[in-house]
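Descriptive analysis of the structure
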Amino acid sequence: MSEKLQAVLDANDNVRELNLHIMLKNDLSRESAAAFAEDLSKLATDEKAVEVLSGSGIILLSATADTVQKIADRPEVLWIDIDSSAPLENLLDARAEKSG
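Presented here is a report on the structure given in the accompanying data block. Please read all numbers here as calculations on a predicted model, not as lab measurements.

Taken together, the side chains of Met 23, Leu 78 and Trp 79 define a hydrophobic patch exposed on the protein surface, amounting to about 280 Å² of accessible area. Examined against the element boundaries, Met 23 turns out to sit in strand 1 (residues 17–24). Overall, Met 23 belongs to the partly exposed group, its relative accessible area being 33%.

Right under this line is the structure:
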C-alpha cells in the first residue's frame, strides 16, 4: 500500500470515496484477473465502473476508505494506490491564473 493511501486511511474518514489503482500479481491469468475484478465490483461504489487494464495487470475502481484493507489483504493484490490526479476544475483555475 502506498504511503499517500495509508495517510488517507489514517485520517479515519471511512466513508470517503477513493479512486484506487490495484496492481495484480504477475502470475494471475486473464480469467483470474477478470474473476477478481468481478469480486471487487461488489466493494466498489459503482459496480459498473470497475475497469480492468489487462495489458498492465491493473484494476481501476472507486471504493470507500473502509473497504481498502479488505482489498489490500487479497492474495491477488501486489500493490494498491490512490489516484491523486487533480480535478479538471483545479487545473483550469490554475491555468487561468497563469494567463491572467
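Turning to the pattern of salt bridges, a few remarks are in order. One pass over the structure, following the stated rule, counts three salt bridges. One salt bridge connects Asp 39 with Lys 42, and the closest N-O pair in it is separated by 3.8 Å. The class of Asp 39 is partly exposed, set by a relative accessible area of 32%. The exposed category is assigned to Lys 42, whose relative accessible area is 60%. A network of salt bridges, in which partner residues are shared, links Asp 39, Lys 42, Arg 74 and Glu 76.

The next subject is helix 2 (residues 30–41). For helix 2, built from 12 residues, the straight-helix expectation of 16 Å at 1.5 Å per residue is met to within 8% by its first-to-last C-alpha distance of 16 Å. All of the buried residues in helix 2 are Ala 33, Phe 36, Ala 37, Leu 40 and Ser 41. On an axial view of helix 2, the arc spanned by its buried residues comes to 145°, and they lie on one face. Away from its buried face by more than 90 degrees, helix 2 exposes Glu 31 and Glu 38.

Analysis parameters
Residues numbered from 1 in each chain as written. Predicted model: local features only at pLDDT ≥ 70, side-chain atom pairs only at ≥ 80, totals over all residues. Heavy atoms only, no water. Patch = residues over 30% accessible without salt bridge, like charges linked within 9 Å, V, L, I, M, F, W, Y side chains within 5 Å. Areas by Shrake-Rupley, 256 points an atom, 1.4 Å probe, with all protein chains shown as cover. Salt bridge = Lys/Arg side-chain N within 4 Å of Asp/Glu carboxyl O. Helix = DSSP H or I, 4+ residues; strand = E, 2+ residues; numbered from the N terminus. Buried < 20%, exposed > 50% of the residue type's maximum accessible area, 1.4 Å probe, protein only. Expected span 1.5 Å × (residues − 1). Arc of directions from axis to C-beta.

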